[in-house]
Amino acid sequence: MPTVELRFSAQPEHVRTARLVAAAVARRAGVDEAVLDEVRLAVGEACSRAVGLHRSHDIATPVAVVLIEDEKAFSIEVADGLPSSGSGSSTASPGGGPDDPEADADMEDEMGLAVISGLVDDVEVRTGENGGVIRMTWPTTPAVVLP
């Protein structure tokens, strides 16, 4: 199970690099060419979400992206460092008005997850004491061996 791991500081300019690496590894893993744009967009959205969480909660740890190549699937995990106890839920705060920055962040988080769910059929979102992880999985096509 070949794995590539990428860690970067929570700077928006690094998201593009993560998208390019993810697309290259997905192509090598056998993800259908027609799906590569969706891979790029989903990884960009997940990484942008993680960068936003890190920046808004002053998290110093890097954003982690793990690309996992299996026999029949290719998965990408994007991890943030926001513990589940640190308002990392994707529901808006009750009574949050139009000028409530936490409600805005929650709404943006919810929209980001909705975009990812629209791009990827197999998505898993986990939260824990060490942070959250979005795992996205795509099927791969086996390499054709020529005689």
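One can find the structure itself at the top, above this paragraph.
These numbers come from a predicted model, not from an experiment.

Draft legend 1. Representation of the overall build of the chain within the structure. Scanning the chain for helices and strands turns up 3 helices and 5 strands. N-terminal to C-terminal, the α/β element order of the chain is β-α-α-β-β-α-β-β. With 147 residues in all, the chain has 39% of them scored as buried. Across the chain, every contact between residues at least 6 apart in sequence was considered, and the portion connecting residues at least 24 apart equals 62%. As displayed, the chain offers around 8,500 Å² of accessible surface, 54% of which is attributable to carbon and sulfur atoms.

Draft legend 2. The arrangement of the sheet that holds strand β4 (residues 122–128) in detail. Strand order in the open sheet formed by 5 strands is β1-β2-β3-β5-β4, and the pairing between neighbours is antiparallel. The two strands at the open ends of the sheet, each matched to only one other strand, are β1 (3–8) and β4. Taken pair by pair, the neighbouring strands of this sheet meet at an average axis angle of 15 degrees, ignoring direction. Direction of pairing for strand β2 (residues 63–69) relative to strand β3 (residues 73–79): antiparallel, over a ladder of 6 bridges. Bridge pairing in β3 places Leu67 opposite Ile76. Docked against the sheet, helix α2 (residues 36–56) engages β1, β2, β3 and β5 (131–139), running at close to 180 degrees with respect to β5.

Draft legend 3. Summary view of the side chain of Thr137. By the element assignment, Thr137 lies in strand β5. Discounting residues that sit within four places of it in the chain, Thr137 has contacts with Ala73, Phe74, Ser75, Val120 and Asp122.

Draft legend 4. Focus on the environment of Glu110. Within the secondary structure, Glu110 is located in helix α3 (residues 101–119). For the pair formed by Glu110 and Arg49, sequence separation is 61 residues and the distance between their alpha carbons is 9.7 Å.

Draft legend 5. Highlighting the pattern of salt bridges. In the structure shown here, the tally under the stated rule is 7 salt bridges. With a shortest N-O distance of 3.0 Å, Glu69 and Arg28 are connected by a salt bridge. One end of the pair, Glu69, is in strand β2; the other, Arg28, is in helix α1 (residues 13–29), with 41 residues separating them in the sequence. For Arg40, the salt bridge goes to Asp37, with nearest N and O atoms at 2.5 Å. Here Arg40 pairs with Asp37, and both are found in helix α2, just 3 residues apart, close to one helical turn.

Draft legend 6. The nonpolar core, seen in detail. Ranked by size, the top nonpolar core spans 30 residues in total, and within it Phe74, Ile76, Val78, Met136 and Trp138 carry the most contacts. Those elements giving two or more residues to this core turn out to be β1, α1, α2, β2, β3, α3 and β5. Considering each element in turn, this core owes the most residues, 8 residues, to α2. If we ignore the near neighbours within four places in the chain, the residues touching Phe74 are Ala22, Val25, Ala26, Ala29, Val31, Leu67, Ile68, Glu69, Met136, Thr137, Trp138 and Thr140.

The rules behind the values
Residues numbered from 1 in each chain as written. Predicted model: local features only at pLDDT ≥ 70, side-chain atom pairs only at ≥ 80, totals over all residues. Heavy atoms only, no water. Helix = DSSP H or I, 4+ residues; strand = E, 2+ residues; numbered from the N terminus. Buried < 20%, exposed > 50% of the residue type's maximum accessible area, 1.4 Å probe, protein only. Contact = heavy atoms within 4.5 Å. Areas by Shrake-Rupley, 256 points an atom, 1.4 Å probe, with all protein chains shown as cover. Pairing = 2+ DSSP bridges. Axes fitted to C-alpha atoms, helices over the stretch in contact; angles between N-to-C directions. Salt bridge = Lys/Arg side-chain N within 4 Å of Asp/Glu carboxyl O. Core = buried A, V, L, I, M, F, W, Y, C linked by side-chain atoms within 4.5 Å.

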